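For reference, the chains in residue letters:
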Amino acid sequence: MQDPRLLAKPPVCRLGCLVLVRNPRGDVLLVDPDYMDGLILPGGAAQPNEPPHLAAARHLHAETGLNLRLADVLAVDFTPADRHLERLNLVFDGGTVHDDTRLTVPPRHRSGLLGARFVPARRLPDVMAPSQAARVSEALAGRSLPVLLHGQRAA
């Protein structure tokens, strides 16, 4: 039997749920947050007990208006604790959207975003923080990992 004291103060870990979406040219969809320098993948933190693929889809829709079904993880990125908060980021494959797909970014006062745009993959290091660009580069390598919920593929 597990010692109950081990669960008395569970570790704090933020689960970031991000989405890699491309256009037919292979450009990557990025959002421009007003709270940090550089562009980032759309996404955000999962709420307690929220399946990560659903959290990623929720954030993607809220930030860009895109409603995509997410099934595969392209990258897992762990960031050591910063002010007692570890971060585990999952990058989901959002696939490719058509060039005429409309992006709908909510007003800045509601979303904290200045905009969203597709950026050529070769330019990612110019517009993203090094760790963010490296994360996207690994996700673009195309090695997909399945999403499992209690050991079963997520629907």
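Residues numbered from 1 in each chain as written. Predicted model: local features only at pLDDT ≥ 70, side-chain atom pairs only at ≥ 80, totals over all residues. Heavy atoms only, no water.

## Details of the pairing of strand 2 (residues 28-33)
Here is step 1 of the chain: When you tally the buried positions in strand 2, you get 5 out of 6 residues, the bulk of the element.
Here is step 2 of the chain: The sheet contact formed by strand 2 and strand 6 (residues 113-119) spans 6 bridges and is antiparallel. For Val31, the partnering residue across the bridge sits in strand 6 and is Ala116. (Buried < 20%, exposed > 50% of the residue type's maximum accessible area, 1.4 Å probe, protein only. Helix = DSSP H or I, 4+ residues; strand = E, 2+ residues; numbered from the N terminus. Pairing = 2+ DSSP bridges.)

## What about helix 4 (residues 130-140)?
Here is step 1 of the chain: Residues of helix 4 that are buried: Gln132, Ala133, Arg135, Val136 and Ala139. For helix 4, the angular spread of buried residues about the axis comes to 155°, placing them on one side.
Here is step 2 of the chain: Count one or two residues on from helix 4 and you reach Gly142, which has phi positive near 85°. (Arc of directions from axis to C-beta.)

## Some remarks on unusual backbone geometry
Here is step 1 of the chain: A positive phi is found at Asn49, a non-glycine position, where the angle reads about 65°.
Here is step 2 of the chain: Mapped onto the fold, Asn49 is located in the loop between strand 3 (43-45) and helix 1 (52-64).

## Comments concerning the nonpolar core
A general feature of soluble globular proteins is that nonpolar side chains tend to end up buried together.
Here is step 1 of the chain: Counting residues in each nonpolar core, the largest one holds 16 residues, and the members touching the most others are Leu20, Leu30 and Leu41.
Here is step 2 of the chain: Looking at this core, the elements with two or more residues in it are strand 1 (13-22), strand 2, strand 4 (72-79), helix 3 (124-127) and helix 4.
Here is step 3 of the chain: The greatest single-element share of this core, amounting to 3 residues, is contributed by helix 4.
Here is step 4 of the chain: Counting 15 residues, the second largest nonpolar core, distinct from the first, contains Cys17, Ala55, Leu60 and Phe92. (Core = buried A, V, L, I, M, F, W, Y, C linked by side-chain atoms within 4.5 Å.)

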